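Breakdown of the fold
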Amino acid sequence: MTTTIPGEPWSTGVARDDEGALVVAGVPVADLVAQHGTPAYVLDEADLRSRAAGYRRAFEAAFAEVGAGVDVYYAGKALLSVAVARWVHEEGLRVDTATGGELAVALRAGVPGAHIGVHGNNKSDDEIRAALDAGVGRIIVDSLVEVDRVAALAAAAGVVAPVMVRVTTGVHAGGHEYISTAHEDQKFGLSVAAADGADSPAMTALLAAVARPELHLLGIHSHIGSQILDPSGFEVAARTVLELRAALALRTGVLVDEVDLGGGYGIAYLPGEVALDPDRIAKDVAASVASSAAALGTPLPRFSIEPGRAIVGPAGLTLYTVGTVKPVRVDEGLVRTYVSVDGGMSDNIRPALYGARYHAEVVGRLSSAEPVLARVVGKHCESGDIVVHEVQLPGDVRAGDVLAVAATGAYGRSMASNYNHVPRPPVVAVRDAASRVLVRRETVEDLLALDQG
Ligand code: LLP
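All values derive from a computational prediction rather than experimental measurement.

Calculation rules
- Residues numbered from 1 in each chain as written.
- Predicted model: local features only at pLDDT ≥ 70, side-chain atom pairs only at ≥ 80, totals over all residues.
- Heavy atoms only, no water.
- Domains from an automatic or database assignment.
- Contact = heavy atoms within 4.5 Å.
- Buried area = accessible area lost by both parts, 1.4 Å probe.
- Salt bridge = Lys/Arg side-chain N within 4 Å of Asp/Glu carboxyl O.
- Buried < 20%, exposed > 50% of the residue type's maximum accessible area, 1.4 Å probe, protein only.
- Helix = DSSP H or I, 4+ residues; strand = E, 2+ residues; numbered from the N terminus.
- Pairing = 2+ DSSP bridges.
- Axes fitted to C-alpha atoms, helices over the stretch in contact; angles between N-to-C directions.
- Parallel < 35°, antiparallel > 145°, perpendicular 65-115°, else oblique.
- Left-handed = near helix turned anticlockwise from the far one by under 90°.
- Nonpolar A, V, L, I, M, F, W, Y, C, P; charged D, E, K, R; others polar.

1. Side note on the domain arrangement of the chain
Splitting the chain by domain gives domain 1 (3-45 + 315-450) and domain 2 (68-307). Placing a centre on the C-alpha atoms of domain 1 and another on those of domain 2 gives a separation of 34 Å. Taken together, the contacts link 19 residues of domain 1 with 14 residues of domain 2. Overall, the association of domain 1 and domain 2 removes approximately 1,500 Å² of surface from exposure, summing both partners, and the carbon and sulfur fraction of that is 67%. When the buried area of domain 1 at its contact with domain 2 is split by residue, Glu8, Pro9 and Tyr411 rank highest and sum to 29% of it. Here domain 1 is connected to domain 2 by zero salt bridges.

The structure is reproduced here in structure tokens:
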């Protein structure tokens, strides 16, 4: 049987035992299935922690080299639970939250308010008040309306709100390509592009923030996209932000202290794909911002970044049990083996939503059967309910087999739904040959409890 275990795209703690069964951080897959059932999200704690620490160390070292400080915020939208927030904080990261719900989890984990950032393009008054109450380190303002809203709520609370203004630089990245355009047709941030000689929306919001005594303008924020494998977009965006910072200083005398370069660091989902290397990207970005700042004649600000996927994605895998196997003749000579598992688009919407590709293997046993072209599908009532679009599985794949899908740690559980009233799977952490439940499995009773009849 061909297997990619151990190796990418699997977490560093996975192996196969002598019988070919998966072992995650010392725990045999049979034990995981017996204790927690399937489907289940499994997190390799040591792998997650080492990715968090690796990003922090790489950026701290590279930015120290050019004389700048840097903070790493873990983007909680990728996967957030009390334990995950605690782990990343223990590894020296701060936490970036996008809603009041994420903020509540970070606070429950004991992350100090000062180490939390609050995002969102449409924060409610309650969310802004909760952020101010918690004394968060930064609220990232996403519109001109929000400059006034945060200022008014800060005044009411009798505090000065630390804010950053989120700008769009025209660099939009994802996958291998990035394109530079003057205007971006999307909802986030404020464009740096000026029209008809007027101030750009970004400059207008920055000037408004400087003018409000209830706000302390910490700096400028830019997030260019997600699953980025070509690092050049980060450098172009950073240069644009540093130019805007220098222009604001010329206009107002205020040289803001901080620049956030967002997240988006790409990972390997399939065998043979190569993730961005944090050491390499940190060095490249640090060198690039240093030369941009020197050309502008401005001292370097303190930087921050917000990786989400790169911290948790590769640390996670999903276990499923095969229920049915059905050969389907799709073309003259082409038979695709449809392998149905006990989860699907409710626990991983990414294939249906983005056409995302994953890798899966039969992990309960070793098979010497010839591989067949398979598609792993879920149990939902849609033909687009695909878990793995295309993968070679052993020809004797059968009901009862346990299947693992690699690199599902990011945006799986966090985007899960209850479509078809399917309860969401548990999040199980594995470390030092022991497993524990971080988030328990939902039950149909949980779902019925919400229904008021
Ligand atoms: N910072 C900001 C402001 C963001 O909007 C995001 C992601 C991140 C950081 C973290 O990006 P990461 O390092 O995880 O790529 N649901 C999509 C991804 C959406 C990302 C949204 N923002 C997916 O499953 O691919």
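2. Description of the pairing of strand E4 (residues 40-44)
Counting buried positions over the five residues of E4 gives five, a clear majority of the element. Residues of E4 alternate between two faces, with Ala40, Val42 and Asp44 on one and Tyr41 and Leu43 on the opposite face, all of them buried. Where E4 and strand E23 (residues 427-431) come together, four bridges link them in parallel fashion. Bridge pairing in E23 places Val42 opposite Val428.

3. As for the packing of helix H5 (residues 125-133) against helix H6 (residues 144-157)
The N-to-C vectors of H5 and H6 enclose an angle of 55°; their axes lie 10 Å apart at closest approach. With respect to their mutual orientation, H5 and H6 come out oblique. Seen from above, H5 lies across H6 with right-handed handedness. Residues Asp125, Ile128, Arg129 and Leu132 of H5 form the contact with H6, whose participating residues are Arg149, Val150, Leu153 and Ala154. The residue makeup of the contact of H5 with H6, split by class, is five nonpolar, no polar and three charged.

4. Comments concerning the pattern of salt bridges
This structure, assessed with the given rule, holds 24 salt bridges. Residues Arg138 and Glu258 are paired through a salt bridge, measuring 2.9 Å at the closest nitrogen-oxygen approach. With Arg138 in strand E8 (residues 138-141) and Glu258 in strand E15 (residues 258-260), this pair connects stretches of sequence that are 120 residues apart. Like Arg138, the residue Glu258 is buried in the burial classification. For Arg212, the salt bridge goes to Asp148, with nearest N and O atoms at 2.8 Å. Separated by 64 residues along the polypeptide, Arg212 in the loop between helix H7 (201-211) and strand E13 (215-221) and Asp148 in helix H6 bring together distant segments of the chain. With a relative accessible area of 42%, Asp148 lands in the partly exposed category. Through salt bridges that share partners, Glu45, Arg49, Glu90, Glu91, Arg431 and Asp432 make up one connected network.

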